[in-house]
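Listed here are the chains, written in short residue letters.
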Amino acid sequence: MLNSRTMIHCWLTPWSAASGWIWVRATLAEALEVDPAVLLIARDARGKPQLGGVLNDWHFSLSHSGGWALLVLAHVQAVGVDLESPRPRPRLLALAQRYFTAAEADILHSLPEAERLQAFYALWTAKEAVLKAAGVGIGYGLARVGMAWRAAGWDVNRFAGALAPAAAWQLHRLALPAPLIGHIAWRGPERLIRLMESAD
């Protein structure tokens, strides 16, 4: 069993559609010291995968992009992760105006063009991580998860509806190999994060 139940454990690995979920099951089973064959993974009413049985007090989240995957695991703590491998977005500002808050779109517009793409994907992954942790889909509304630009990065600002208040949330940008961008989010007190890389 993982030696720290107050830590959020993360794994970064190459992702294959054919074997990805086999790796997820094997990684979770090894971390939780159970047989992969008996590891129960079910989906809730919104389709979010979750652990069942005696391990239902453990929560995990998965995201994959650009041939890579991030898996996170936490004890008694709903957690969300989102990973993106940035690709050019010719209509980036139009997308920002459509899906983000007016303040966020203004910030992206004000940034030098060379920095704008990274900032866009950082904002997107921050919002998606929060929505995943909350167990709601993107249909909840990206603009309802308001972020503020602070010290060349995004932080929680103003959340609407059931996700409020934003001050109750933690948001952490992971230090990942370029060009990957990823965030972890959870509602609750701060926790240590341990990032591990997997070769397969």
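Because the structure is a prediction, the values reported are computed rather than measured.

### Describing the nonpolar core
Judged by nonpolar contacts, the single largest core of 32 residues is most densely connected at Leu108, Met147 and Phe159. When residues of this core are traced back to their parent elements, those giving at least two are α2 (92-99), α3 (102-110), α4 (113-134), β7 (145-150), β8 (153-159), β9 (169-173) and β10 (181-187). Core analysis: the second largest hydrophobic core is formed by 17 residues, Trp11, Trp15, Leu39 and Leu51 among them.

### Concerning the sheet that holds strand β5 (residues 68-75)
What the four strands build is an open sheet, ordered β4-β5-β1-β11; its pairing is mixed. Each having just a single partner strand, β4 (58-65) and β11 (192-197) make up the two edges of the open sheet. Each neighbouring strand pair of the sheet contributes to a mean axis angle of 15°, computed without reference to strand direction. Examined bridge by bridge, strand β1 (residues 7-14) and β11 share six bridges and lie parallel to one another. From the neighbouring strand, Ile8 faces β11, where its bridge partner is Ile193. Most of the contacts of helix α1 (residues 20-32) go to β5, to which it runs at about 30°, and overall it touches β1, β4 and β5.

### Remarks on the pattern of salt bridges
Where side chains of opposite charge bring their charged atoms close, a pairing between them can arise. Enumeration over the complete set of coordinates arrives at three salt bridges. Two residues, Asp82 and Lys132, come together in a salt bridge whose shortest N-O distance is 3.4 Å. Placement of Asp82 in strand β6 (residues 79-84) and of Lys132 in helix α4 is noted, with a sequence separation of 50 residues between them. Residue classification places Asp82 among the buried residues on the basis of a relative accessible area of 4%. A salt bridge links Asp155 to Arg150, with the shortest nitrogen-to-oxygen separation between them at 3.6 Å. By relative accessible area, Asp155 is classed as partly exposed at 30%.

### Quick look at the pairing of β4
Within β4, six of the eight residues are buried, leaving the element largely enclosed by the surrounding structure. Where β4 folds back onto β5 in an antiparallel hairpin, the turn is made up of two residues, including Gly66, whose phi is positive at roughly 60°.

### Considering the packing of aromatic side chains
For the structure on display, the rule yields seven aromatic pairs. Residue placement shows Arg144 over the ring face of Tyr140; its charged tip is 4.3 Å from the ring centre.

Basis of the calculations
- Residues numbered from 1 in each chain as written.
- Predicted model: local features only at pLDDT ≥ 70, side-chain atom pairs only at ≥ 80, totals over all residues.
- Heavy atoms only, no water.
- Core = buried A, V, L, I, M, F, W, Y, C linked by side-chain atoms within 4.5 Å.
- Buried < 20%, exposed > 50% of the residue type's maximum accessible area, 1.4 Å probe, protein only.
- Helix = DSSP H or I, 4+ residues; strand = E, 2+ residues; numbered from the N terminus.
- Pairing = 2+ DSSP bridges.
- Axes fitted to C-alpha atoms, helices over the stretch in contact; angles between N-to-C directions.
- Contact = heavy atoms within 4.5 Å.
- Salt bridge = Lys/Arg side-chain N within 4 Å of Asp/Glu carboxyl O.
- Phe/Tyr/Trp six-rings, centres within 6.5 Å; stacked < 30°, edge-to-face > 60°.
- Lys NZ or Arg CZ within 6 Å of the ring centre and 35° of its normal.

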